[in-house]
Amino acid sequence: VQLVESGGGLVQPGGSLRLSCATSGFTFSNRVMSWYRQAPGKGRELVASISNGGGPTNYADSVKGRFTISRDNAKNTVYLQMNSLKPEDTAVYYCKTSWAWTDYWGQGTQVTVSS
């Protein structure tokens, strides 16, 4: 099982980034996918999740209206479009999936929002 995040970087407040998580080693279309983040000195928090069919989505209150999670089951990839970024969005962003009582995580991608 592999999950590889990309797309992070340094962006000014109000800017946008699109994160990608390319996966392999499991049946992607059968799994709920999630994005989490961990800011310095804080615990890891759920940012967004999307059902296996790309239907129901769920967002943390802090990102509602600014972030959009999506998936491409043909490419085994999940995305996180982040708009109107704020300094408090600075964190390492991880994608995750789970099955059989096991969580699988990527290595993370750093997002820094600063002027």
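No experiment lies behind these values; they were computed from the predicted model shown. (Residues numbered from 1 in each chain as written. Predicted model: local features only at pLDDT ≥ 70, side-chain atom pairs only at ≥ 80, totals over all residues. Heavy atoms only, no water.)

1. A closer look at the pattern of salt bridges
Pairs can form between side chains of opposite charge once their charged atoms are near each other. The tally for this structure, following the rule as stated, stands at 5 salt bridges. The salt bridge partner of R37 is E45, with a shortest N-O separation of 2.6 Å. Residue E45 is classed as partly exposed on the basis of its relative accessible area of 34%. Salt-bridge contacts for R66 lead to D89; the nearest nitrogen and oxygen are separated by 2.8 Å. Separated by 23 residues along the polypeptide, R66 in the loop between strand 6 (57-59) and strand 7 (67-72) and D89 in the loop between strand 8 (77-82) and strand 9 (91-99) bring together distant segments of the chain. Per residue, the accessibility class of R66 equals that of D89, and both read buried. The structure contains a network of salt bridges with shared partners spanning R37, E45, R66 and D89. (Salt bridge = Lys/Arg side-chain N within 4 Å of Asp/Glu carboxyl O. Buried < 20%, exposed > 50% of the residue type's maximum accessible area, 1.4 Å probe, protein only. Helix = DSSP H or I, 4+ residues; strand = E, 2+ residues; numbered from the N terminus.)

2. Thoughts on the packing of aromatic side chains
Under the counting rule described, the total for this entry stands at 5 aromatic pairs. Ring centres 6.4 Å apart and planes at 50 degrees place the aromatic pair F26 and F28 in the tilted group. Classification of F26 by relative accessible area gives buried; the value is 13%. Classification of F28 as buried rests on a relative accessible area of 1%. Pairing W99 with Y104 gives two aromatic rings, centres 4.4 Å apart and planes at 25 degrees, and the pair type is stacked. The partly exposed category is assigned to W99, whose relative accessible area is 21%. Through pairs of rings, three or more aromatic residues link up here, namely F26, F28, W99 and Y104. Directly above the ring of W105 sits R44, whose terminal nitrogen or CZ lies 4.5 Å from the centroid. (Phe/Tyr/Trp six-rings, centres within 6.5 Å; stacked < 30°, edge-to-face > 60°. Lys NZ or Arg CZ within 6 Å of the ring centre and 35° of its normal.)

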